[in-house]
Every structure is written in C-alpha cells, then in structure tokens.
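# Structural overview for review
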Amino acid sequence: MDNSEPVRGFLDTAFHQKQAIKAFELYCGEPYVQHNTHAPAGGAASARYLESFVNGFPELSIDLKRVLVDGDFVVTHSLIKLRHADRGAVAMDIFRVRDGRIVEHWDAVADIPENPTNPPF
C-alpha cells in the first residue's frame with residue numbers, strides 16, 4: 001500500500017465528508033502524536049478538536065495541490081478555505097504513517113495575502 005492512501009482517505013473523510021471523528025477511527029493509529037500547537041495531544045482529543053473546527057466552518061474546503069511520499073512520511077501541500085469567497089491559506093502537513101495508519105502529524109499554515117509577491121502554488 002502507498003502511504004499516501006491513508007492520508008488521502010483521512011483528508012477526504014475529515015474535510016470533504018465533514019466526519020473528522022470517523023476519519024481518526026478509520027485512518028489513525030495509537031499512540032497518535034499531534035504537533036499542531038492549537039490541537040490537544042492524543043488521537044481522541046485531536047479528533048474532537050478537528051470535528052469542532054470542521055463543524056464551525058460549513059463551507060470549509062481543502063484542495064490538495066501536491067502529495068509527496070518519502071518512506072513513512074507523507075507531505076501534503078494544499079489550499080484551505082474557511083468560506084468559498086476567501087482567498088484561503090496555504091497548508092503544509094506532514095504525516096507519519098506506520099502499518100497503514102497515521103500516527104503523527106505536523107502542520108504549517110499561511111494566509112494568502114491580497115497581493116502575494118509569489119504564487120502560492
């Protein structure tokens with residue numbers, strides 16, 4: 001199995017289907033290590049945090065631009081919009097996959113300015 005498959009499944013379930021808790025159940029393993037400085041530690045707490053975030057923005061969307069795989073690490077480069085009319089933000093997520101399950105996550109997000117000096121994608 002390509003390690004990008006659980007990551008793609010996770011993002012689809014959490015963001016497109018709006019079922020973050022289900023995404024964690026289907027695609028994440030324990031122990032789950034969360035490095036997002038806003039999210040709580042552990043899989044169950046991170047799942048509830050993401051579920052609340054997704055439910056707080058009914059128009060939320062994620063558009064994957066790139067998926068890179070290096071062994072157990074999967075890096076995604078995407079456009080995230082909280083509302084359809086937003087310019088959005090560029091997100092870089094790093095996932096570590098073990099035995100077909102996501103077990104660790106890092107991210108960095110930057111809002112797209114009104115007049116970006118460089119194209120974000």
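So, here is what we can say about the structure in this document. (Residues numbered from 1 in each chain as written. Predicted model: local features only at pLDDT ≥ 70, side-chain atom pairs only at ≥ 80, totals over all residues. Heavy atoms only, no water.)

## Concerning the pattern of salt bridges
- One pass over the structure, following the stated rule, counts three salt bridges.
- Residues Lys 65 and Asp 63 are paired through a salt bridge, measuring 2.9 Å at the closest nitrogen-oxygen approach.
- For Lys 65, a relative accessible area of 37% corresponds to the partly exposed category.
- The shortest N-O distance in the salt bridge between Arg 83 and Asp 86 comes to 3.8 Å.
- Take Asp 86: its relative accessible area is 28%, and that puts it in the partly exposed class. (Salt bridge = Lys/Arg side-chain N within 4 Å of Asp/Glu carboxyl O. Buried < 20%, exposed > 50% of the residue type's maximum accessible area, 1.4 Å probe, protein only.)

## Looking at helix α2 (residues 20-27)
- Regarding α2, the residues found buried are Ala 20, Ala 23 and Phe 24. Along the long axis of α2, the arc covered by the buried residues comes to 100 degrees, so they all point the same way.
- At its buried positions, α2 is contacted by α1 (4-16), β1 (28-34), α3 (43-56) and β5 (101-111). (Helix = DSSP H or I, 4+ residues; strand = E, 2+ residues; numbered from the N terminus. Arc of directions from axis to C-beta. Contact = heavy atoms within 4.5 Å.)

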